[in-house]
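# Analysis of the macromolecular model
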Amino acid sequence: MKDSALPKKRIYLFDNLKAILIFLVVFFHIFEIIRYDNLFNKGLYFFVYVFHMPLFIFISGYFYNRKKTFKNIAKYIGIYILFQTLYIIYLKYILEKNGEIDFYNMIFIKPIWIMWYLVSLSVYNFAAFFINIKSKKVVCAILIINIILACLAGYIKCIGKDLSMSRNIVFFPYFLLGYFVRQNYDVLALRESFYRKAKDKSTIAVVVISLIVIAGYILYLYLNIKDLKPEIVFHNKSYASSGSNPIQRLLLYLPAVSMIFLNLLLVPNKEYKLITKVGTNTLYIFLIHGFVKYYLDMHKGIFQDAPNELVKYIVALLLTIIIIGVICILAEFVKNFKNYVRKNNLKKEGVI
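Residues numbered from 1 in each chain as written. Predicted model: local features only at pLDDT ≥ 70, side-chain atom pairs only at ≥ 80, totals over all residues. Heavy atoms only, no water.

Each helix and strand counted, the chain has 18 helices and 0 strands in total. For the chain, the C-alpha atoms occupy an extent of roughly 60 × 50 × 40 Å along the three principal directions. Per-residue burial for the chain yields a buried fraction of 48% across its 352 residues. Between the mean site of the 43 positive side-chain charges and the mean site of the 19 negative ones, the chain shows a separation of 9 Å. (Helix = DSSP H or I, 4+ residues; strand = E, 2+ residues; numbered from the N terminus. Buried < 20%, exposed > 50% of the residue type's maximum accessible area, 1.4 Å probe, protein only. Lys, Arg positive; Asp, Glu negative; His and termini not counted. Charge placed at Lys NZ, Arg CZ, Asp CG, Glu CD.)

The structure is reproduced here in structure tokens:
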């Protein structure tokens, strides 16, 4: 099994997509403070959560490089250990939120909040290494088996947050799908077939089906949002703990895949300096914004004192922009400093 070479020319589509997704991640993590204020807030939260992390995982799969599998696994595990430790220190000794930390967090068995993503990426990279991604039959069989396992896993209480086991199973199809798409299809050609005058009929058909699926999901939320628990879209607990069921878990794949397809089709493939720059720094933003979110959880007055919902939305939006902006500036400073040090070392060695 050999990977086809990654695109030599940068595809800004994915930078823009990642920028949009990290904005949604940060905004809706802040939004959690007010998600129960009314049913609209709760419904909006459920709508975004059904696709934003699946799409992130799809992109990770799209750029999976088999040759760098174990190097990337080591990187993800190293970052996980570092930031899990930092979050433990921050929560336990700075914010003094002792209830947030337990023994399994301390020994790295249970990821703290957003740290699950690093554990899952390690698992996905390892699993993808052994898959013949060029064989459509093999990929199709694995996807079907994995989705069946995902639906069955919800019955087993021990498959939950420990080592991110539940999410490892439920979200893996998105990673595999991303890897498969890059190896077998040209995303840019697909977009061109949609935007040219003589539109490809099959692409149009998929767009229509996707819109119908998303409309169906919105209708489902409208009719049921009052009784739904967030764990249904988190996929981090058993059915008994989340109030979900296998049919629900199975059907949630449909709006997630539909939103993945539509975003790949509709998000511009152009360089927008600020947006594209954010898209290149998503890991920094993802890892660091949690420190601010935990602080905000303990100082909710900024939302509780707001006169109405509109002001709360504006506050959440401004905080999101500030958090992303500051972290991006810091990330660019670190990158430039590393490049400066590397160039100086190369000069000393006589390479340049």
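Resuming the write-up.
All right, on to a nonpolar patch on the surface then. Together, Leu-310, Ile-314, Leu-317, Leu-318, Ile-321, Ile-322, Val-326 and Leu-330 give the surface a local cluster of nonpolar side chains, amounting to about 740 Å² of exposed area. For Leu-318, the position within the fold is in helix 18 (residues 309-348). (Patch = residues over 30% accessible without salt bridge, like charges linked within 9 Å, V, L, I, M, F, W, Y side chains within 5 Å. Areas by Shrake-Rupley, 256 points an atom, 1.4 Å probe, with all protein chains shown as cover. Salt bridge = Lys/Arg side-chain N within 4 Å of Asp/Glu carboxyl O.)

All chains considered together, the criterion is met by 11 salt bridges. Arg-10 is paired through a salt bridge with Asp-15; the nearest N and O atoms lie 2.6 Å apart. Glu-100 is the salt-bridge partner of Lys-97, the closest N and O atoms lying 3.7 Å from each other. Under the relative-accessibility criterion, Glu-100 is labelled partly exposed at 36%.

As enumerated under the stated definition, the model contains 2 cavities of 30 Å³ or more in all. What the largest cavity holds in volume is close to 40 Å³. In terms of lining, the largest cavity is formed by Tyr-49, Val-50, Pro-54, Phe-171, Tyr-174, Val-233, His-235, Leu-252 and Ala-256. Taken together, the residues of the lining of the largest cavity break down into 8 nonpolar, 1 polar and no charged. Considering only enclosed or pocket space, the second largest cavity measures out at about 40 Å³ in volume. If you go around the second largest cavity, the residues you meet are Phe-46, Tyr-217, Tyr-220, Leu-221, Leu-228, Ile-232, Val-233, Gln-248 and Leu-252. Broken down by secondary-structure element, the contributors of at least two residues to the lining of the second largest cavity are helix 10 (201-224) and helix 11 (231-234). Per-class residue counts for the lining of the second largest cavity are 8 nonpolar, 1 polar and no charged. (1 Å grid on protein atoms, 1.4 Å probe; cavity = no way out; pocket = protein on both sides within 12 Å on 5 of 7 lines; lining within 4 Å. Points joined across faces, edges and corners; volume = space filled by probe spheres on them. Nonpolar A, V, L, I, M, F, W, Y, C, P; charged D, E, K, R; others polar.)

Leave glycine aside and you will find that most residues have negative phi; peptide bonds, for their part, are mostly trans. If you check the backbone angles, Glu-96 has positive phi at about 55 degrees while not being a glycine. Here Glu-96 lies in the loop between helix 4 (69-94) and helix 5 (103-106). Residue Glu-96 is classed as exposed on the basis of its relative accessible area, which comes to 60%. At Phe-108, a position not held by glycine, the phi torsion is positive, near 70 degrees. Mapped onto the elements, Phe-108 comes out in the loop between helix 5 and helix 6 (116-128).

In this section: the environment of Val-326. By the element assignment, Val-326 lies in helix 18. Residue class for Val-326 comes out partly exposed when judged on its relative accessible area of 44%. Along the backbone, Val-326 and Ile-114 are 212 residues apart, and their C-alpha atoms lie at a distance of 20 Å.

Residues spaced three or four apart along an α-helix face the same direction, because each turn holds 3.6 residues. Helix length check: helix 4, at 26 residues, gives a terminal C-alpha distance of 36 Å against a target of 38 Å (1.5 Å per residue), a fit within 8%. What helix 4 keeps buried is the set Thr-69, Asn-72, Ile-73, Tyr-76, Ile-79, Tyr-80, Phe-83, Gln-84, Tyr-87, Ile-88, Tyr-90 and Leu-91. Residues of helix 4 that are buried in the fold lie against helix 5, helix 6 and helix 16 (282-298). Phi for Glu-96, located one or two positions after helix 4, is positive at around 55 degrees. (Expected span 1.5 Å × (residues − 1). Contact = heavy atoms within 4.5 Å.)

Quick look at the layout of surface pockets now. In this model, the largest pocket occupies a volume close to 1100 Å³. As for the largest pocket, its lining consists of 32 residues, and the residues nearest its centre are Lys-18, Ser-60, Phe-63, Lys-75 and Tyr-76. Contributing elements (two or more residues each) for the lining of the largest pocket: helix 1 (12-31), helix 3 (52-62), helix 4, helix 6 and helix 16. Counted by class, the lining of the largest pocket contains 15 nonpolar, 8 polar and 9 charged residues. One number sums up the size of the second largest pocket: a volume of about 830 Å³. If you trace the second largest pocket, you find 32 residues lining it, with Glu-32, Trp-113, Lys-161, Phe-234 and Asn-236 closest to the centre. For the lining of the second largest pocket, the secondary-structure elements that each account for two or more residues are helix 3, helix 8 (165-184), helix 11 and helix 16. No other element matches the 4 residues that helix 16 contributes to the lining of the second largest pocket. Classifying every residue of the lining of the second largest pocket by side-chain character gives 13 nonpolar, 7 polar and 12 charged.

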